[in-house]
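So you can see what is in the structure, the chains are spelled out below.
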Amino acid sequence: MSLWSRVRSSLRAVFRGERTYREVAQEMEFHVQACTEDLMRQGLPPGEALRRARAELGSVPLQQQGLRQAAGLRLFDEMGGDLRFGLRSIWKNPVFSGVTVLSLALGIGATTAMFSLIYAVLLHPFPYADADRIMNPAIFNEDNPQERRWFAMTKPQFELMRQAKSLESLLGFRNMNMEISGAGLPEDVAAVYLTENADAFFGVPALLGRGIQPSDALPPHEPVVVLNYKFWQRHYNGDAQVIGHTLQLDHVNYTIVGVMPRRFAFNDTLGTGDVYLPRSLLQGNFYTPWLKLKAGVSRPEADAEIGQLVHQFAKEFPARFPKKFHMQLEPIVVPYERNTGPMLALLFASVLLLLLIGCANCSILMLARGAARQHELAVRSAIGASRWRIVRQLLIESAVISFGGAILGVAASYWLARLPLLLSPDSFPRESVVTINLPILGFSVALALLAGMAVGLAPALRLSRPDVSHAMQASLRSAGGRRRGRAYQYVIAGQIALTLLLMAGAGMTIGTFLYLMHAPLGYEPRHAMNVHIVMHWSDAKAWDAIKLRESRAAFIDQMRQRMASVPGVVSVTVGANALPPYSGWEQAWEMDGKVDDEAKQARLHLTGSEYFSTMQIPLVSGRVWSEAENARGDGVAVINETMARRYWPAGNAVGQRIRMPDLKLTAPLEAASANSSGWREIVGVAGDVRNDGLDRPVLPAIYTPYTTLMTPEVRYQIRTQGDPLALVRPVREAVQSVNADQQIANDVVDLQAAIERDPQWSRQRLFSVLFGVFSGMALALALVGLFSVVSYSVAQRTNEFGVRLALGAGRGHILWVAARTAALSACAGIVAGLAANLAMRRLLAHWMNSNHAGLSGLAVVTLLLGACTLAACLLPALRAAAIRPVEALRYE
Amino acid sequence: MGDDKQLDLLQGTLDLLILKAVSLGPLHGYGVLLRIQQISGQTLVIQQGSLYPALYRLEHQGAIASDWGESDNNRKAKFYRLTTAGRMRLEEETEKWNRMVGTMGAILLAEPEGA
């Protein structure tokens, strides 16, 4: 008896049900006819013969049943019946079903949304083939372990690394700022040069045309360019005919050969490119590598092999590496894991809590309704349903509810999962796309099944043992029911405890966010913007004109003056590296007349003298340097209050002398003043400005004239009368009036928007919004659960209350009796929640990276929950207290 | 039907009888009934109601297979025939039955010892 033939025959019976039924009926008909004929031959009259033949065979449906049972389909049929019954009873109780389905939909939807977010941003964020084997080689400075950076290598080094045994392939890239020339105002584009194996390395087919290919490396080095999707949309309005057209970059014509798909936004390491060019067109020869390991090669093995190579490179170019360092390969997703991993884990935990609360809610409602259904179940039991049969039926009903919840939830999750990417775009890989796909659907179906079991099991086990004689006789008039309450009490207490846990988490994050929002910045971010300019250092002719210090300072100042004359601009300042809330360079400094016992660090800001007035930073004492001092660069400095208070607590900082021994030319393309590392007099003390992020204390800061050290890029802060971004075009024209080829970078940013886009700020906002929403849902669920429990019990105990009132009990007593059980369990829940919260507080604060939320947040949410709980218990209880004894005694 | 000459069917023997009946040639359900009664010389009674469930069970197990065909008087009927698996099962069950009969016979023939 092969298993296969049985399965086949079962399947046939399932899928060709109608036909098999018909065949059975035909067969029976034949049998009856043949039998009747035989009986008639024996002398019976036709009518009697037919009757006998039919009676002997039995009814046709019975035979059909026999067939289905033979095919092992009885279970299937019964479940089908249960399913239909479940659907019908759900349809008949719209309020009950609505509340339960919604409770689960919230939990399943939120959990699915978080799972799809995690799937999109951590599990599967990149479009590249074998993205999990693509590594960033990170350099860790052993003197300063916080410092993690990338390195670039020359072509021979690149060729050497390409031979490494642990690598499948090696990609080199170089980010450059270029300008689109030949059409009106010069426009800034972010170019990325790629080694010609790029197409194979990424394994991402181009949307139109082709990507960068090995043939691009061959002479005659045709100038070709591949466009990024967003750039293509922005610059060409998504024109599909763009292939073959010409794009002029830095006065050279490039032929457009391809457009990459939307998800391709290489790269996360140094910045997304607008255009991609083959390496053979690059003038310099340094590239940053991305490595793809061979399948099966472990990270330590690869670390050892590649690390050795990198140390060898460091010997060749010591200036490009820290003195002591080690190299570690990092999967490209690691920086995101580090930044958002704990947050996502916490959010996932919180939605699981929400799901649990939703399940508890359903359980409570089912238990409550089960009490009303005891009569039905007793009848089922009395006519012979086994316990298993009743459990199965109840479980199928809860599965129907949970699948209803899952369908709604998945639909809602589609939008919910996108919210984080909108609220905090810079926290996640640019290439991640939230979609609903098979793993996610599988996840939510599994979730629905689990939830259905979790929700249904307790009520099913409890209700499947009906006390038949009691339930049948007593109709519904029962004064007892105390015993039945026990199951609720635990569920309610647990639910309230979980809700408090979630609300306290929300209180903590919202507290941290409020702290961030109200933290004094030290400057005025409204009506101000930052404009970034990268000079044309790779174009030898243009560079010659501004290579020297004086001419470059003049160029920078000329642009500042032209910008300042734009109508609507209030003032403009140079703040070369001074864009808060992360500003300045870490710099060692020394104090005059003091033996150097400790290494002192401060944030060095290179600014114009107008910086303080433009940013509206108050001057605490002293003065700002003059125009002439600004041109000279040497001899003066302004420090911030934190530094003044820490090192000159007597308040005599002004007039003291400091110096920064490392502040001198270190790299090509820089220009420094004559004595940049010499002694400087502190001429003034300025107010504190956030310079190490919004939530960390202000670090000591030194401000010096920007002419002290100039790189080929410069930033201007512009204060305007109205919306700053409305002035971008006149500002661009002002810059162009100084040099027709000089573009401004695309990262023009409103200082207020810069704060809101700051990953720390936006992540905290996202965190607060999501946590707030989840805990609000949890609170609503818990209250609905509590309210319905008390309402049900009031409805059931109406008789009892009538008796109590008739015997002289006061209204207050009835109120207490009606609300007591639920209120006590809720109190127990609050106590348990508080205990859990205090126990986990330190851990949570660490995970949430929040040190600013005091216990006041916990107190607020506890009070809120307490008040809401009380209301949910008392409202239905008040109805009980308002009962008139005569009516209550008659109540059925 | 309470004739003394007729025997009630032993539990579990219906399957064996059906297999034997169809092993002699394809039969429709009513034919199976007739053939069993005919071979047994009208001594075995088969409840008609239990015949078909047994047929469906055997078919589900793969011991017999069915095809629609024409009966003697040109009516459409479903014919059952033995499959290879069914033939093997028939042999096994026959052998088992024979052993059983032998054992039972031996037991029932035993004389009390030392009488």
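Residues numbered from 1 in each chain as written. Chains lettered and ligands numbered in written order. Predicted model: local features only at pLDDT ≥ 70, side-chain atom pairs only at ≥ 80, totals over all residues.

Trainee: Let's hear about the overall build of chain B: which residues, and what values?
Mentor: Assigned secondary structure in chain B consists of 4 helices and 3 strands. N-terminal to C-terminal, the α/β element order of chain B is α-β-α-α-β-β-α. The proportion of buried residues among the 115 residues of chain B is 28%. Contacts in chain B between residues at least 24 apart in sequence constitute 52% of all its contacts with a sequence separation of at least 6. (Helix = DSSP H or I, 4+ residues; strand = E, 2+ residues; numbered from the N terminus. Buried ≥ 20, exposed ≤ 12 C-beta atoms within 10 Å, placed from the backbone. Contact = placed C-beta atoms within 7 Å.)

Trainee: Pulling in residues and values, what's your account of the overall build of chain A?
Mentor: Counting its regular elements, chain A contains 28 helices and 24 strands. The globule rule puts the C-alpha radius of gyration for 892 residues at 29 Å, and the 38 Å found for chain A is more than 25% above it. Along the first, second and third principal axes, the C-alpha set of chain A runs to 130 × 80 × 55 Å. Classification of the 892 residues of chain A by burial places 41% in the buried group. (Rg over C-alpha atoms; globule rule 2.2 N^0.38 Å.)

Trainee: Account for the pairing of strand 3 (residues 167-180) of chain A, naming residues and giving values.
Mentor: Note: strand 3 of chain A against strand 10 (residues 288-293) of chain A, 6 bridges, orientation antiparallel. Opposite Leu171(A), over in strand 10 of chain A, you have Trp290(A) as the bridge partner. (Pairing = 2+ DSSP bridges.)

Trainee: Help me get a handle on the sheet that holds strand 24 (residues 749-750) of chain A, residues and values and all.
Mentor: All names here are of chain A. Here we have 4 strands laid out as an open sheet, ordered 13-23-12-24, and antiparallel in their pairing. Strands at the two margins of the open sheet, each flanked by one partner only, are strand 13 (569-574) and strand 24. The strands that helix 18 (residues 549-564) touches are strand 13 and strand 23 (713-720); relative to strand 13, the one it contacts most, it runs at about 165 degrees. (Axes fitted to C-alpha atoms, helices over the stretch in contact; angles between N-to-C directions.)

Trainee: With reference to specific residues and values, describe the domain arrangement of chain A.
Mentor: Residues and elements named next belong to chain A. Domain assignment breaks chain A into domain 1 (3-72), domain 2 (131-258 + 268-332), domain 3 (342-518 + 760-890) and domain 4 (536-741). When each unit is reduced to the centre of its C-alpha atoms, the spacing between domain 2 and domain 4 is 32 Å. Facing 6 residues of domain 2, the contacting portion of domain 4 comprises 6 residues. A per-class count over the side of domain 2 that touches domain 4 returns 2 nonpolar, 2 polar and 2 charged. (Domains from an automatic or database assignment. Nonpolar A, V, L, I, M, F, W, Y, C, P; charged D, E, K, R; others polar.)

Trainee: Just give me the short version of the interface of chain B and chain A, but keep the residues and values in it.
Mentor: Between chain B and chain A, the contact holds 17 residues from the first and 21 residues from the second. Elements with a minimum of two residues in the side of chain B that touches chain A: helix 2 (29-39), helix 3 (48-61) and strand 3 (76-82) of chain B. For the side of chain B that touches chain A, the leading source of residues is helix 3 of chain B, giving 8 residues. The residue inventory of the side of chain B that touches chain A, partitioned by class, reads 6 nonpolar, 7 polar and 4 charged.

Trainee: Can you lay out the sheet that holds strand 3 of chain B for me, pointing to particular residues and giving the numbers?
Mentor: Note: strands within a sheet are paired through backbone hydrogen bonds, in either parallel or antiparallel orientation. Residue and element names in this part refer to chain B. Strand order in this open sheet of 3 strands is 1-3-2, and the pairing throughout is antiparallel. Where the open sheet ends on each side, the last strands, each with one partner, are strand 1 (27-28) and strand 2 (64-70). In this structure, strand 2 lies alongside strand 3, joined through 7 bridges in antiparallel fashion. In the sheet register, Ser 66 faces strand 3, and the bridge partner there is Tyr 80. Set on the sheet, helix 1 (residues 13-23) makes contact with strand 1, strand 2 and strand 3; between it and strand 3 the angle comes to about 100 degrees.

Trainee: Got a sec to walk through the environment of Val769(A)? Specific residues and values, please.
Mentor: Residue and element names in this part refer to chain A. With respect to the helices, strands and loops of the structure, Val 769 is situated in helix 24 (residues 759-796). You can call Val 769 partly exposed: it has 18 C-beta atoms within 10 Å. In sequence terms Val 769 and Ser 381 are 388 residues apart; their C-alpha atoms lie 50 Å from each other.

Trainee: Please give an account of the confidence of the model for chain B that cites residues and values.
Mentor: All names here are of chain B. When the pLDDT values of chain B are averaged, the result is 81; 87% of them are 70 or greater. Highest mean pLDDT in chain B belongs to helix 4 (residues 84-109) (89); lowest belongs to helix 3 (82). Two summary scores accompany this predicted model of the complex, namely pTM at 0.71 and ipTM at 0.82. (pLDDT = per-residue confidence, 0-100.)

Trainee: Account for the nonpolar core, with residues named and values stated.
Mentor: All names here are of chain A. Among the nonpolar cores identified, the biggest contains 102 residues, and Leu 354, Ile 492, Ala 778 and Leu 786 are the most heavily contacted of them. Here this core takes 18 residues from helix 11 (residues 334-382), the largest share from any one element. What Leu 786 contacts, discounting residues up to four positions off in sequence, is Ile 492, Ala 822, Ala 826, Thr 869, Ala 872 and Cys 873. Of all hydrophobic cores here, the second largest spans 57 residues; its members include Tyr 523, Ile 556, Ile 682 and Ala 686. (Core = buried A, V, L, I, M, F, W, Y, C linked by C-beta atoms within 7 Å.)

Trainee: Can you break down helix 25 (residues 798-806) of chain A residue by residue, with the values?
Mentor: The complete set of buried residues in helix 25 of chain A reads Glu800(A), Phe801(A), Gly802(A), Arg804(A) and Leu805(A). Gly808(A) sits one or two positions beyond helix 25 of chain A and adopts a positive phi of about 105 degrees.

Trainee: Outline unusual backbone geometry, listing residues and values.
Mentor: Only a minority of non-glycine residues have a phi that is not negative, and only a minority of peptide bonds are not trans. Residue and element names in this part refer to chain A. For the bond running from Pro 219 to Pro 220, omega is 10 degrees, close enough to zero to count as cis. Phi at Asn 237 is positive, roughly 50 degrees, even though this residue is not glycine. Among the structural elements, Asn 237 can be located in the loop between helix 9 (229-236) and strand 7 (246-249). On the neighbour-count criterion, Asn 237 (8 C-beta atoms within 10 Å) is exposed. Unusually for a residue other than glycine, Asp 250 sits at a positive phi of about 50 degrees. Structurally, Asp 250 is set in the loop between strand 7 and strand 8 (252-259).

Trainee: I'd like a rundown of the confidence of the model for chain A, residues and numbers included.
Mentor: Residues with a pLDDT of 70 or more make up 93% of chain A, whose mean pLDDT is 83. In this model, residues 475-483 of chain A is a region of pLDDT below 50 whose contacts with residues beyond four sequence positions or in other chains number 8 contacts.

Trainee: With reference to specific residues and values, describe the packing of helix 12 (residues 387-416) of chain A against helix 14 (residues 438-463) of chain A.
Mentor: Residue and element names in this part refer to chain A. The N-to-C vectors of helix 12 and helix 14 enclose an angle of 145 degrees; their axes lie 7 Å apart at closest approach. The chirality of how helix 12 crosses helix 14 is right-handed. Within the contact of helix 12 with helix 14, the residues separate by chemical class into 17 nonpolar, 7 polar and no charged. (Left-handed = near helix turned anticlockwise from the far one by under 90°.)

Trainee: Tell me about the packing of helix 6 (residues 94-123) of chain A against helix 12 of chain A, and please be specific about residues and values.
Mentor: Each packed pair of helices is defined by two parameters, the angle between the axes and the distance between the axes. Residue and element names in this part refer to chain A. At a closest axis distance of 6 Å, the pairing of helix 6 and helix 12 adopts a crossing angle of 45 degrees. By the angle class used here, helix 6 and helix 12 are oblique. The hand of the helix 6/helix 12 crossing is right-handed. Every residue of helix 12 that contacts helix 6 at Ser 97, Thr 100, Val 101, Leu 104, Ala 105, Ile 108, Gly 109, Ala 110, Thr 112, Ala 113 and Ser 116 is listed here: Ile 401, Ser 402, Gly 404, Gly 405, Ala 406, Leu 408, Gly 409, Val 410, Ala 412, Ser 413 and Leu 416. (Parallel < 35°, antiparallel > 145°, perpendicular 65-115°, else oblique.)

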